Amino acid sequence: MLPCKALFVGLAVALAACPQPVLAQAGQPFVEPCARTESFTRPATGGPYDYRNQRSALRMVEDNHYIPQIENLIKGKTGTLASEHSFVLHAFPNHHRALASLARYSEKLKSRQPGDLDYPVDCYFERALRFRSDDLIVRMLYADYLGRTQRANEAAAQLEFVKASAPDNPMTQYNVGLLYFQLGRFADALAQAHRAAELGMPRTELMDKLKAKGQWADATKPPVLAAPAAASAASR
């Protein structure tokens, strides 16, 4: 299983005047069409569990409902692809890989509620963020989905939250840049590329993408100020 950071970089690489939406937070009430998702907070497996650090039931859930053929959107094991994803996300609302493959399933069928899915895909992301509002991987996956469904302003709002929440994390700042690029916000992507490089990120895919679009510019260096003694001597 790929670690979360590696998972998202892999996904992202393969991967203005409107009011900004309210970002999902723990404890906020659900609104339609997601209001009924409140009722599935107690899955048959127990939980719900945090995918990042509560993995006692993960193997049982994945062995039966998230084997490779499901993740690759081929067919279900115990039910339909939609019902398999729904089961996993009942137990682990912020299951990163399941959210990513559910978004792909939505894109594949060109539907925001593909197959016999209980709720629109957005509701699963909303529930995940209310369950664990600090899960930045979920926010970036949601931003990716929002961008792919032509909701660039909502996607950018999620990215702004992520950027501000992990200002010194080079992987996160870099992934935000890749997603800005995907949204066509090249100036923001350029700023993120420079920020990630300052933090030590060695990857060059984002720079290469910006160069290919004619949107790359080297970081400007601040002017070198003369030392006080040198400045004094120069003024004589």
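Going by the structure above, here's the rest.
Note that the coordinates shown come from a computational prediction; the quantities given were computed from them, not determined experimentally.

### Overview of unusual backbone geometry
Glycine aside, the phi torsion of most residues is negative, and most peptide linkages are trans.
Here is step 1 of the chain: One non-glycine residue, K110, adopts positive backbone phi at about 55°.
Here is step 2 of the chain: By secondary structure assignment, the location of K110 is in the loop between α5 (96–109) and α6 (121–131).
Here is step 3 of the chain: A relative accessible area of 78% places K110 in the exposed class.
Here is step 4 of the chain: Even without being a glycine, Q150 presents a positive backbone phi close to 65°.

### With respect to the environment of D122
Here is step 1 of the chain: Tracing the backbone shows D122 in helix α6.
Here is step 2 of the chain: You can call D122 buried: its relative accessible area is 12%.
Here is step 3 of the chain: Taking C-alpha positions, D122 is 8.7 Å from L146, a pair spaced 24 residues apart along the chain.
Here is step 4 of the chain: Residues within four places of D122 in sequence aside, it is in contact with R112, Y142, Y145, L146 and R151.
Here is step 5 of the chain: One polar contact links D122 to R151, side chain to side chain, over a distance of 2.8 Å.

### Re the nonpolar core
Here is step 1 of the chain: Membership of the largest hydrophobic core comes to 55 residues, with the highest contact counts inside it found for F92, L99, L102, Y124, F125, L206 and L210.
Here is step 2 of the chain: Ranked by residues supplied to this core, first place goes to helix α7 (residues 136–148) with 9 residues.
Here is step 3 of the chain: When neighbours within four sequence positions are excluded, F92 is seen to be in contact with Y49, D50, Y51, Q54, R55, A57, L58 and V61.

What counts, and where the lines are drawn
Residues numbered from 1 in each chain as written. Predicted model: local features only at pLDDT ≥ 70, side-chain atom pairs only at ≥ 80, totals over all residues. Heavy atoms only, no water. Helix = DSSP H or I, 4+ residues; strand = E, 2+ residues; numbered from the N terminus. Buried < 20%, exposed > 50% of the residue type's maximum accessible area, 1.4 Å probe, protein only. Contact = heavy atoms within 4.5 Å. Polar contact = N/O pair within 3.5 Å; in protein donor to acceptor, adjacent residues only side chain to side chain. Core = buried A, V, L, I, M, F, W, Y, C linked by side-chain atoms within 4.5 Å.

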